[in-house]
Amino acid sequence: GAGVSQSPSNKVTEKGKDVELRCDPISGHTALYWYRQSLGQGLEFLIYFQGNSAPDKSGLPSDRFSAERTGGSVSTLTIQRTQQEDSAVYLCASSINGASGGYEQYFGPGTRLTVT
Amino acid sequence: AQRVTQPEKLLSVFKGAPVELKCNYSYSGSPELFWYVQYSRQRLQLLLRHISRESIKGFTADLNKGETSFHLKKPFAQEEDSAMYYCALRFSGGYNKLIFGAGTRLAVHP
């Protein structure tokens, strides 16, 4: 079947604008993750959704960042009042069941965000 | 604090040479370690996990709890191994959150 998909693939925005990044996980995967990939910084964990449990938001860098997951499927990462340091590739991943096995995370192609 | 360290940003070798990509971790619990790989213009994907004790594409990695290391090794590098490699640590206790290292770019020259 189809893998994890993300949209848009590229986004250029002006400093101060809000952006929304979308992730469609693999069907049937209950766990969904957002990461940020910055040059030289590796992958930085942002947020983790597991089924109907409260999300783990411990990686969000500021209150300008938020994420939702509607209906246990599609997720949207929102960045408000974007700053230049938000420029990065935002990766989404999903796994079958984050709590009891199925640890392999399947990654999407990412959204490259550029804040000018 | 939980941390994964990959000390080398770039590792450059010739085809046929042995390769070792270093990974050290800091975690007080029982760790699970993974290696993920990202080939050029491809998605990040799982290469191997320590609990499987498997060899994938000729790569192996052994968890050394005494040295808190999980180095990735291959005896004879191939040009197609050129990629970005990330070491990752999974928290125990039922959570699947991964902490990634900064990554090492492996360049295998002909």
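Residues numbered from 1 in each chain as written. Chains lettered and ligands numbered in written order. Predicted model: local features only at pLDDT ≥ 70, side-chain atom pairs only at ≥ 80, totals over all residues. Heavy atoms only, no water.

## Points about the interface of chain B and chain A
Contacts between the two partners involve 19 residues from chain B and, on the opposite side, 23 residues from chain A. Summed over both sides, the interface of chain B with chain A buries roughly 1,700 Å², with 52% coming from carbon and sulfur. On the chain B side of the interface with chain A, the three residues burying the most area are Arg43(B), Asn96(B) and Lys97(B), jointly 36% of the side's total. In this structure, Arg49(B) and Glu104(A) form a salt bridge, with 3.5 Å as the shortest nitrogen-oxygen distance. The tally of links between chain B and chain A comes to five residue pairs in polar contact (both at pLDDT 80 or more). With four residues, the top contributor of residues to the side of chain B that touches chain A is strand S5 (residues 32-38) of chain B. The residue makeup of the side of chain B that touches chain A, split by class, is ten nonpolar, four polar and five charged. (Contact = heavy atoms within 4.5 Å. Buried area = accessible area lost by both parts, 1.4 Å probe. Salt bridge = Lys/Arg side-chain N within 4 Å of Asp/Glu carboxyl O. Polar contact = N/O pair within 3.5 Å; in protein donor to acceptor, adjacent residues only side chain to side chain. Helix = DSSP H or I, 4+ residues; strand = E, 2+ residues; numbered from the N terminus. Nonpolar A, V, L, I, M, F, W, Y, C, P; charged D, E, K, R; others polar.)

## Here's the deal with unusual backbone geometry
In this chain, Ser7(A) is followed by Pro8(A) through a cis amide linkage whose omega measures -10 degrees. By the element assignment, Pro8(A) lies in the loop between strand S1 (5-7) and strand S2 (10-13). A positive phi angle, close to 45 degrees, is found at Arg81(A), a residue other than glycine. Position of Arg81(A) among the secondary structure elements: in the loop between strand S7 (75-79) and strand S8 (88-95). Taking relative accessible area as the criterion, Arg81(A) reaches 42% and is therefore assigned partly exposed. Non-glycine residue Thr68(B) carries a positive phi angle of around 45 degrees. Mapped onto the elements, Thr68(B) comes out in the loop between strand S7 (60-61) and strand S8 (72-74). (Buried < 20%, exposed > 50% of the residue type's maximum accessible area, 1.4 Å probe, protein only.)

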